Amino acid sequence: MTIDIKEKINNLISFLKGKKIIVSTHILADVDGVVSALAFKTFLTEHLKQQEVDIRIPKCTKPTKQVLSEINSMFKQNIKNSYLIGTNPELVIITDTNNVDKIAFEELEIDRESIKNNVIFIDHHSKSDLKEKSLDEFNIILDEYTSSTEIILEFYRIFNLYINEYFSYLFSAGILTDTGNLRHANNDTFERFIFLLQKGVDFQTLKDIVNVEMELPKKIANIKGAQRSELIRYEKWLLCKTHISNYESSVASSLEHLGFDIVLVISTSKKNDSYRITARANHNVIREKEIDIGHLFSSLSEGEFLSGGGHSGAATISGKGNLDDTLTKIMDYFKKKLIKN
Ligand SMILES: [Mn+2]
């Protein structure tokens, strides 16, 4: 932990003393958002003995609800919003975003106009252009952290506060979900994660809680996408063309896992002649054949009828009325790139 974060934390804490505060997180809250907000609220009320602090969690995503309710029922706990303070707190503290537009003021019953200059963010996403800079000196925005939960954990560690088993599960679930099961973790993430495990978290239990079953419509979309897929082979390279009306990126990734080097998922509108193509290319084909679908899609973009872009391995293009034409151009590109002269 750097001295810098200690200073930031102390600076923020002295500013918060005695204020009426609502703690919350971004719209469509995820596990990291809920856990960081709840843990920060608990830090204020239990450890700093702040009196007037509310926690108000907006609507959560479905998998988030599932993860939290499993942990809650394991420990016979409940996360409930409180409304001690009315619609006019002195301060709103938001975790896991630093974008004012991602705050659900209405849903949280907070008067936006009177509070918008008094919002403080604790977040691990890179800093957006803050519209309201008045309290910027108190924001704790650290994108070297892999979750907001870990930033809140630093508050507990600096003051050597007791973390019970319930919170150890919540904290570690926040980290596990936000790092894609630790795939995006760095060395510091592991240090913090092990610190939590040592407080009584069973990793296999946690993993089962966090890896909730895929939603049924998504499963069906993935299967339909696979059933409808057309296999096209150029030398050793396998291309796939399929169509689906929803969950295109999930379908594209699952087909890539199946073994295709390049995947094109076409989604056409039921109302008009507009369409979207979601594409994926794996590392091998990018490296060996210099495929760049992001570049391809932006070079195909023309006027209002076709627009696209992305990265070398993941991109989308949207168009209107010229699907066959666009597909021909895309396939020509792959043919030229993939077949040896
Ligand atoms: Mn997060």
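Each value, and the rule that gives it
Residues numbered from 1 in each chain as written. Predicted model: local features only at pLDDT ≥ 70, side-chain atom pairs only at ≥ 80, totals over all residues. Pairing = 2+ DSSP bridges. Helix = DSSP H or I, 4+ residues; strand = E, 2+ residues; numbered from the N terminus. Axes fitted to C-alpha atoms, helices over the stretch in contact; angles between N-to-C directions. Contact = placed C-beta atoms within 7 Å. Buried ≥ 20, exposed ≤ 12 C-beta atoms within 10 Å, placed from the backbone. Arc of directions from axis to C-beta. Domains from an automatic or database assignment. Parallel < 35°, antiparallel > 145°, perpendicular 65-115°, else oblique. Left-handed = near helix turned anticlockwise from the far one by under 90°. Nonpolar A, V, L, I, M, F, W, Y, C, P; charged D, E, K, R; others polar. Core = buried A, V, L, I, M, F, W, Y, C linked by C-beta atoms within 7 Å.

*Asks:* What exactly am I supposed to notice about the sheet that holds strand β8 (residues 262-268) here?
*Replies:* Consider a sheet: its strands pair through backbone hydrogen bonds, and that pairing is either parallel or antiparallel. Here six strands make up an open sheet; going across it, the order is β6-β7-β8-β9-β11-β10 and the pairing mixed. One side of each edge strand has no neighbouring strand; the edge strands of this open sheet are β6 (230-234) and β10 (306-310). With direction set aside, neighbouring strand axes in the sheet form an average angle of 15 degrees. Examined bridge by bridge, strand β9 (residues 274-281) and strand β11 (residues 314-320) share seven bridges and lie antiparallel to one another. Residue pairing for β11: Thr278 is matched across the bridge by Thr316.

*Asks:* Just checking my understanding: could you explain the sheet that holds strand β4 (residues 119-123) for this structure?
*Replies:* Across the sheet, which stays open at both edges, the five strands sit in the order β2-β1-β3-β4-β5 with parallel pairing between neighbours. Strand pairing shows two members of the sheet lacking a second neighbour, β2 (53-56) and β5 (140-141), which therefore form its edges. Across the face of the sheet, helix α2 (residues 31-47) comes into contact with β1 (21-25), β2, β3 (91-95) and β4 while running at roughly 160 degrees to β1. Contacts from helix α6 (residues 148-158) reach β3, β4 and β5, with the element oriented near 100 degrees to β4.

*Asks:* Just checking my understanding: could you explain helix α8 (residues 187-197) for this structure?
*Replies:* Note that an α-helix has 3.6 residues per turn; residues three or four places apart therefore point the same way. Turning to α8, its buried residues are Arg192, Phe193 and Leu196. Buried residues of α8, seen end-on, are gathered within an arc of 100 degrees and therefore sit on one face of the element. In α8, the exposed residues that point more than 90 degrees away from the buried face are Asn187, Glu191 and Ile194. In this fold, the buried residues of α8 make contact with α6 and α7 (165-178).

*Asks:* So what exactly am I meant to see when it comes to unusual backbone geometry here?
*Replies:* Most of the time, phi is negative for any residue but glycine, and the peptide bond is trans. If you check the backbone angles, Asn181 has positive phi at about 55 degrees while not being a glycine. Structurally, Asn181 is set in the loop between α7 and α8. The residue Glu235 is not glycine, and still its phi comes out positive at about 55 degrees. Residue position: Glu235 is located in the loop between β6 and β7 (237-243).

*Asks:* Any chance you could explain the environment of Asn282 here in plain terms?
*Replies:* Secondary-structure assignment places Asn282 in the loop between β9 and α12 (283-289). We classify Asn282 as partly exposed; it has 18 C-beta atoms within 10 Å. Ignoring sequence-local partners within four residues, the contact set of Asn282 consists of Glu256, Asp261 and Gly313.

*Asks:* How should the domain arrangement of the protein chain be read in this particular structure?
*Replies:* Along its sequence, the protein chain is carved into domain 1 (3-210) and domain 2 (217-338). Between the C-alpha centres of domain 1 and domain 2 the distance comes to 38 Å.

*Asks:* Where do I start with the packing of α7 against α8 in this structure?
*Replies:* Two quantities define a packed helix pair, namely the angle between the axes and the distance from one axis to the other. Relative orientation of the contacting elements α7 and α8 amounts to 155 degrees, with a least axis distance of 9 Å. Taken together, α7 and α8 sit at an angle that is classed as roughly antiparallel. The way α7 lies across α8 gives a crossing that is left-handed. Between α7, through Ser168, Phe171, Ser172 and Ile175, and α8, the contact on the second element is made entirely by Thr189, Arg192, Phe193, Leu196 and Leu197. Partitioned by chemical class, the residues of the contact of α7 with α8 number five nonpolar, three polar and one charged.

*Asks:* Even after reading the chapter, I still don't get the nonpolar core, so can you show me in this structure?
*Replies:* Buried together is how nonpolar side chains tend to be arranged in soluble globular proteins. Core analysis: the biggest nonpolar cluster contains 49 residues, and Val34 and Ala173 have the highest contact counts within it. Per element, the largest residue contribution to this core is eight residues, and it comes from α2. Beyond its immediate sequence surroundings of up to four residues, Val34 is in contact with Thr25, Ala29, Ile57, Cys60, Thr64, Leu68 and Ile79. With 27 residues, the next largest nonpolar core counts Val263, Val285, Ile291 and Ile330 among its residues.

*Asks:* How should the packing of α2 against α7 be read in this particular structure?
*Replies:* As a packed pair, α2 and α7 sit with axes 8 Å apart at the nearest point and diverge in direction by 145 degrees. Pair α2 / α7 crosses with left-handed handedness. Note on element contacts: α7 touches α2 through Phe167, Leu170, Phe171, Ala173, Gly174, Thr177 and Asp178, opposite Val31, Asp32, Val35, Ser36 and Ala39. Its residues assigned to classes, the contact of α2 with α7 comprises seven nonpolar, three polar and two charged.

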